Amino acid sequence: MNNNKLMLRDSGLLLRTNPVMALGSGLLVLAFVLFTVVVPDYANSVYSSIKNFIATDLAWYYIGFMSLALLLSVWLVFSRYGDIRLGKDDDRPEFSNFSWFSMLFGAGIGIGILFWSIAEPVYHFQGTPLIGAGQEKTVEAAQVAMRVAIFHWGLHGWALFSLAGLALAYFAYRKGLPLSIRSSLYPIFGDRIYGPIGHVADLLAVFGTVFGIATSLGLGAQQMNAGLNYLMGVEVSVTTQVILIAIISVISTISVMSGLHKGIRLLSEINMKLTMVILGLFVVVGPTAYVLGALVTNLGDYLVHAVELGFWVDPDPKSQWQGWWTVFYWGWWIAWAPFCGIFIARISKGRTIREFVLGVLVAPTLLAAIWITIFGNTAMYLELFGNGGVVEAVNKDTTMALFATIELMTENQAMVILMACICTVMLVTYFVTSSDSATLVICTLISMGEPNPLPRYRVFWGMAIGAVAAVLLVAGGLKALQTASIVAALPFSFILIMAIYGLLASLRAEVLPQRAISPFARLTGKSADPEPEPEPEVSVVAPAPGNI
């Protein structure tokens, strides 16, 4: 790619970055932090007003958008474009399936699901519009609660990540454009993506990434503090949480400095192995037969109701439940799409479109469903058939939901301490994985798609994310910026729509092998079209970026 188009500095403090992106992203982040900290009440009221407008007047848009993303993802799997490779035709994946899956799951939702896999089902267990009056805290309510929780962490969200990541990987590795959000807009705007239009798209991505990770880091520090208080009596305080944020920021900066193949990959694999261990312990120590039965039931129940839930818009204008939960979740998935899309694209070169979409769509959804079932149904069992206590713990302090459930599971204190220790370590490692992945993405954006940004930028943004989280935690602005991140999802959804359109338009221009057949034809052994006359073999060459 011509550096004249990218406008990269060839010397000085901003070496190998675009100055508009490098300075603009820093100033944008600083402006929003100052606004939130200096006038917190006013900032919160502004963010909340816009969020409430989205929840009440645009719920139909968010719900329709996410359902469309799922339908398109499924179509791509079975389309004739499924065999197109994200790269040259002879490229192959640089990571094993286990490493690839570990990294995309860890960066995507690992830390969030650790926080909410018990708390969310327990909240729904106490009442949703999908549960009849008087049915709260019953076996039926428990099933609906599990269905809704899996729905919020399932196919719809991962479908959006798959489309975002696919568009970015396709244009970067197949068409030779920069690995940045702007490249997915090339079929619409052409070389104008290197000007203000592209800068706006990439700055929105930086905004969503910085504040999404910073608010998660701040809220996660509170849960880590709760875990350390449970294990060692460490005081629950803002000071302790700021220290935890500083430690995680340093570790994540060291990780991102060591590179994708070492730090991020190794940490992600450790996360996945620890996840398998803790899920196994929950099954063995907890109500084994009940949880395994619930796993079969929940998977079937979710698949039966996924489409219905995906298109359901609450007809009651006075009900706030869907705005608080589903619309909030969809906004959060959209806000995280640029970060996760770029990171997933970065680790997916050489995979086919079918392999990519199936991997991003199915594997994380299956693990999320298993995780939520094992953790959530253990809590349900304690409430329905045990001595209870989880609902009370969740309502009192959400950060203690996980540790309260572990304590109520068994009287074996050694096992309780072991499981609590593993969960606390996982909180740290999953947060480090998300933070170092986000740092790499931000540096890639300001460097106009450079896959290996200079170390100085990795250090700066690694520490900057921690500083933003700490300042907002001290000033009480975490919730406000979390709301602002969700609000930013609205304009970014329009960019995603254009990116998806650009992807589909470019796929239509691909030169496919003459005898390419659909997956259905492969399964049945039949071709939908008559056998064509033999033709000379044609070499498949990817068109140049200017011909997209």
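It should be noted that the structure appears before, not after, this text.
Because the structure is a prediction, the values reported are computed rather than measured.

Topic: the overall build of the protein chain
Okay, step 1: A count of helices and strands for the protein chain gives 21 helices and zero strands.
Okay, step 2: Over its C-alpha trace the protein chain gives a radius of gyration of 23 Å, about what one expects of a compact globule, namely 24 Å for 548 residues.
Okay, step 3: Principal-axis analysis of the C-alpha atoms gives the protein chain an extent of 75 × 60 × 45 Å.
Okay, step 4: Within the protein chain, the proportion of its 548 residues that are buried is 58%.
Okay, step 5: When contacts within the protein chain are restricted to residue pairs at least 6 apart in sequence, long-range pairs at least 24 apart make up 82% of them.
Okay, step 6: Accessible area for the protein chain stands at about 22000 Å²; split by element, carbon and sulfur atoms hold 64% of it.
Okay, step 7: If you average the places of the 30 positive and of the 33 negative side-chain charges in the protein chain, the two averages end up 9 Å apart.

Re helix α10 (residues 196–232)
Okay, step 1: Compared with an ideal rise of 1.5 Å per residue, which puts 37 residues at 54 Å, α10 spans 52 Å between its outermost C-alpha atoms and is within 8% of the ideal.
Okay, step 2: Most of α10 is tucked away: 28 of the 37 residues are buried.

Structural notes on the packing of aromatic side chains
Okay, step 1: For the structure on display, the rule yields 37 aromatic pairs.
Okay, step 2: Put simply, the rings of F101, F105, W158, F161, F282, W333, W371, F375 and Y430 touch in pairs and so form one group of aromatic residues.

So, the packing of helix α11 (residues 238–257) against helix α19 (residues 455–475)
Okay, step 1: Viewed as axis vectors pointing N to C, α11 and α19 meet at an angle of 165 degrees, and their least axial separation amounts to 9 Å. Between α11 and α19, the angle is such that the two are roughly antiparallel. Between α11 and α19 lies a crossing whose hand is right-handed. Across the interface between the two elements, V238, Q241, V242, I245, S249, V250, T253, V256 and M257 from α11 touch P455, R458, V459, G462, M463, G466, A469, A470, L473 and V474 from α19.
Okay, step 2: Split by residue class, the contact of α11 with α19 holds 13 nonpolar, five polar and one charged.

A short note on the packing of helix α15 (residues 353–384) against helix α17 (residues 401–409)
Okay, step 1: One can describe the packing of α15 onto α17 by two numbers: an axis separation of 10 Å at closest approach and a directional angle of 55 degrees. Overall, the two elements α15 and α17 adopt an arrangement that is oblique. Here α15 and α17 pass one another in a crossing that is left-handed. For the pair formed by α15 and α17, the contact residues are F375, T378, A379 and L382 on the first element and L402, T405, L408 and M409 on the second.
Okay, step 2: Residue composition of the contact of α15 with α17, by class: six nonpolar, two polar and no charged.

A closer look at the nonpolar core
Okay, step 1: Formed by 182 residues in total, the largest nonpolar core has its most connected members in F105, I278 and F375.
Okay, step 2: The residues contacting F375, other than those within four sequence positions of it, are L114, S117, I118, I278, L279, F282 and L402.

Quick word on the pattern of salt bridges
Okay, step 1: Scanning all chains against the criterion turns up nine salt bridges.
Okay, step 2: D83 is the partner of R354 in a salt bridge, and the nearest nitrogen-oxygen pair spans 2.7 Å. Here D83 lies in the loop between α4 (59–78) and α5 (97–108) and R354 lies in helix α15, a separation of 271 residues in the sequence.
Okay, step 3: Judged by relative accessible area, D83 falls into the partly exposed class, the value being 39%.
Okay, step 4: Residue R174 is joined to D89 by a salt bridge in which the shortest nitrogen-to-oxygen separation is 2.9 Å. Pair noted here: R174 is in helix α8 (residues 155–174) and D89 is in the loop between α4 and α5, with a separation of 85 residues, a long-range link.
Okay, step 5: Residue class for R174 comes out buried when judged on its relative accessible area of 7%.
Okay, step 6: In this structure D89 comes out as partly exposed when scored by relative accessible area, which is 40%.
Okay, step 7: The structure contains a network of salt bridges with shared partners spanning D89, R174, K175 and E510.

A look at the side chain of S434
Okay, step 1: Examined against the element boundaries, S434 turns out to sit in helix α18 (residues 413–446).
Okay, step 2: Once residues within four sequence positions are removed from consideration, S434 is found in contact with G106, A107, I111, I213 and F339.

Things to note about the environment of N52
Okay, step 1: Position of N52 among the secondary structure elements: in helix α3 (residues 40–57).
Okay, step 2: Separated by 272 residues in sequence, N52 and W324 have C-alpha atoms that sit 9.3 Å apart.

A word on the state of the cysteines
Two cysteines form a disulfide when their sulfur atoms are joined by a covalent bond.
Okay, step 1: For the structure on display, the rule yields zero disulfides.
Okay, step 2: With no disulfide partner, C340 has as its closest neighbouring cysteine sulfur the one in C443, 16 Å distant.
Okay, step 3: By relative accessible area, which is 1% here, C340 ends up buried.
Okay, step 4: Counting only cysteine sulfurs, C423 is the nearest neighbor of C421, a cysteine outside any disulfide, at a range of 9.5 Å.
Okay, step 5: With relative accessibility at 35%, the residue C421 sits in the partly exposed group.

The rules behind the values
- Residues numbered from 1 in each chain as written.
- Predicted model: local features only at pLDDT ≥ 70, side-chain atom pairs only at ≥ 80, totals over all residues.
- Heavy atoms only, no water.
- Helix = DSSP H or I, 4+ residues; strand = E, 2+ residues; numbered from the N terminus.
- Rg over C-alpha atoms; globule rule 2.2 N^0.38 Å.
- Buried < 20%, exposed > 50% of the residue type's maximum accessible area, 1.4 Å probe, protein only.
- Contact = heavy atoms within 4.5 Å.
- Areas by Shrake-Rupley, 256 points an atom, 1.4 Å probe, with all protein chains shown as cover.
- Lys, Arg positive; Asp, Glu negative; His and termini not counted.
- Charge placed at Lys NZ, Arg CZ, Asp CG, Glu CD.
- Expected span 1.5 Å × (residues − 1).
- Phe/Tyr/Trp six-rings, centres within 6.5 Å; stacked < 30°, edge-to-face > 60°.
- Axes fitted to C-alpha atoms, helices over the stretch in contact; angles between N-to-C directions.
- Parallel < 35°, antiparallel > 145°, perpendicular 65-115°, else oblique.
- Left-handed = near helix turned anticlockwise from the far one by under 90°.
- Nonpolar A, V, L, I, M, F, W, Y, C, P; charged D, E, K, R; others polar.
- Core = buried A, V, L, I, M, F, W, Y, C linked by side-chain atoms within 4.5 Å.
- Salt bridge = Lys/Arg side-chain N within 4 Å of Asp/Glu carboxyl O.
- Disulfide = S-S within 2.5 Å.

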